[in-house]
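Per-entry structural report
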Amino acid sequence: MILGIETSCDDTCAAILDGDVLLANIVSSQTEFHARYGGVVPEVASRHHLELINPVIAEALAAAGASMKQVARVAVTTRPGLIGALLVGVATAKSIAYAGKIELTAVSHLEGHIAANYLPPDPIEPPFICLIASGGHTSIVFVRERGALELLGQTLDDAAGEALDKGARLLGLGYPGGAELDALAAGGNTGYADFPIGLDKAGSFDFSFSGVKTALYYYLRNMDGPEVKRRRADIAASYQSAVVSALIKKTLAAAASRNASAICLSGGVSANSELRRRLTTECQGAGIHLRVPPPELCTDNAAMVASAARYLPSIPFPEYLSLGARASGGFAA
Ligand code: KG4
Ligand code: ZN
């Protein structure tokens, strides 16, 4: 059995994976604590992780009907993320592995999002293109085989989810506003206002969402209050469409460039209804298989971390005691 631990942002997560069988996948979300600040406060996140990590691991073991003695390996996210938040998970993982004299695997959070695709109920094998879009990251990765990854593009500024959340806030919605914006946009006209698609003609797979966000700010500033109120759904739809168009265009272009016949989505933004609808149609037209894992495996979780550990090298007892965490960085150890 592998015990997975994930604390890179604002979710405290533990999971138990036994071969291909996911026995437990526990997530304690801190969203309500951060909502009043309109975003994740790193020190608040670290403190909550510290309080929650042991109960969350205990709950995972109980849900799996397992004891710590049955755990043969601990897998933990070591990068990238909020440094204080990551350190809570890494210190916990090291302590558990050391006490049990078992091995430990250091996992990149992005590798974890990709490895969510290897879990039931509908696992998929490479090669495929993976779009990881959440509140913290936006990356396009070509997965040639398990563990053989090519980062094709990423955001140069805000993440897609962050852009949607900030847009939602400008429109007076709550935090995190991605899902509310999605619901509001459903009743609006995407062609009402013309918002820029970041790096549209750059010829790269990189993203930029700061321009569209600023465009919305000025658009709303130049409009009468009552008019904004009347047109909120149309503005939401137009704004969301600009963000989603960038995701779709670059992902399809990446798939074409690598001759990939499958696209996988990961990250909270993959819940977006416009993204799903348009990408489904586009993929059908292009003969590409589109796969979206269930929501609990798309958003941050520890099952994906345990899943990645199955094919990544592990560090033997007790060599991991010097292991640290890194705020930035990609797949390389
Ligand atoms: O993967 P995730 O849960 O983790 C973090 O980034 O922490 O992603 C959260 C992001 C938020 O930005 C949220 O607004 C966005 O996913 N999100 C959505 C939808 N549901 C969640 N964005 C667009 N449409 C949705 N339906
Ligand atoms: Zn994530």
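Scroll up to find the structure.
Procedures and definitions
Residues numbered from 1 in each chain as written. Chains lettered and ligands numbered in written order. Predicted model: local features only at pLDDT ≥ 70, side-chain atom pairs only at ≥ 80, totals over all residues. Heavy atoms only, no water. Helix = DSSP H or I, 4+ residues; strand = E, 2+ residues; numbered from the N terminus. Contact = heavy atoms within 4.5 Å. Polar contact = N/O pair within 3.5 Å; in protein donor to acceptor, adjacent residues only side chain to side chain. Donors = N, O, S within 2.8 Å, 3.2 Å for Na, K, Ca; no water. Tetrahedral: all angles 85-135°; square planar, octahedral: opposite > 155°, others 65-115°. Buried < 20%, exposed > 50% of the residue type's maximum accessible area, 1.4 Å probe, protein only. Pairing = 2+ DSSP bridges. Right-handed = clockwise from strand over helix to strand, strands pointing away. Axes fitted to C-alpha atoms, helices over the stretch in contact; angles between N-to-C directions. Near = heavy atom within 4 Å. Areas by Shrake-Rupley, 256 points an atom, 1.4 Å probe, with all protein chains shown as cover. Nonpolar A, V, L, I, M, F, W, Y, C, P; charged D, E, K, R; others polar. Domains from an automatic or database assignment.

Attention shifts here to the environment of His-34. With respect to the element layout, His-34 can be found in helix H1 (residues 31–35). Residues His-34 and Val-44, 10 residues apart in the sequence, show an inter-C-alpha distance of 7.8 Å. Contacts of His-34, omitting those with residues within four sequence positions, involve Asp-10, Gly-39, Val-40, Val-41, Val-44, Ala-45 and Tyr-175. Among the polar contacts made by the side chain of His-34, one reaches the main-chain amide nitrogen of Val-41 at a distance of 3.1 Å.

Right, let's talk about the side chain of His-137 for a bit. On the secondary structure map, His-137 appears in the loop between strand E6 (128–133) and strand E7 (138–145). Looking at His-137, its side chain comes within polar contact range of the side chain of His-109, at 3.3 Å. For His-137, the contacting residues outside a window of four places in its chain are His-109, Leu-110, His-113, Ile-132 and Ala-159.

Turning our eyes to something else, we now look at the coordination of the zinc ion (ligand 2). Protein ligation of the zinc ion (ligand 2) involves His-109 (NE2), His-113 (NE2), His-137 (NE2) and Asp-300 (OD), the donor distances falling in the range 2.1 to 2.6 Å. Geometry at the zinc ion (ligand 2) is irregular, judged from the 4 donor atoms that bind it and their angles of 90 to 169° at the metal. Taken in chain order, the donor set of the zinc ion (ligand 2) reads H-x3-H-x23-H-x162-D. Residue His-109 and its partner His-113 are both found in helix H4 (residues 109–115); the two are separated by 4 residues, about one turn of the helix. Exposure remark for His-113: the relative accessible area of 0% places this residue in the buried category.

Okay, the pairing of strand E9 (residues 262–266) next. Counting buried residues in E9 gives 5 out of 5 residues, a clear majority hidden from the surface. Judged by which residues are buried, E9 turns out to be covered on both faces: Ala-262, Cys-264 and Ser-266 on one side and Ile-263 and Leu-265 on the other are all buried. Pairing geometry for E6 and E9, over 4 bridges, is parallel. Across the sheet, residue Ile-132 finds its bridge partner in E9, namely Ser-266. Tracing the backbone out of E9, into helix H9 (residues 273–286) and back to the parallel element strand E10 (residues 289–291) gives a crossover that is right-handed.

Read from one edge to the other, the open sheet built from 5 strands follows the order E8-E7-E6-E9-E10, with strand pairing classed as mixed. Lying at the two open borders of the sheet, with one neighbouring strand each, are strand E8 (148–154) and E10. Within the sheet, the average angular offset between the axes of one strand and its neighbour, ignoring direction, is 20°. For E9 and E10, the ladder comprises 3 bridges, and the chain directions are parallel. When the bridges of E10 are listed, Ile-263 appears paired with Leu-290. Sheet strands in contact with helix H8 (residues 225–257) are E6, E7, E8 and E9, and its direction is about 155° off that of E6.

We now examine the site of ligand 1. Looking at ligand 1, there are 18 residues lining it, with Gly-135, Asp-165, Asp-182, Gly-268 and Asn-272 nearest. Here an oxygen atom of ligand 1 sits 3.3 Å away from a polar atom, N or O, in the main chain of Gly-136. In this structure, Asn-272 approaches ligand 1 through a side-chain N or O atom, which is 3.0 Å from a nitrogen atom. Surface burial for ligand 1 is 85%, taken as the share of its 550 Å² of free accessible area covered by protein chains. When contributions to the shell around ligand 1 are tallied by element, the ones reaching two or more residues are helix H5 (160–170) and helix H6 (178–185). Grouping the amino acids of the shell around ligand 1 by side-chain chemistry returns 5 nonpolar, 9 polar and 4 charged. When residues are assigned to domains, the shell around ligand 1 turns out to be shared by domain 1 (2–115 + 298–322) and domain 2 (126–293), each giving three or more.

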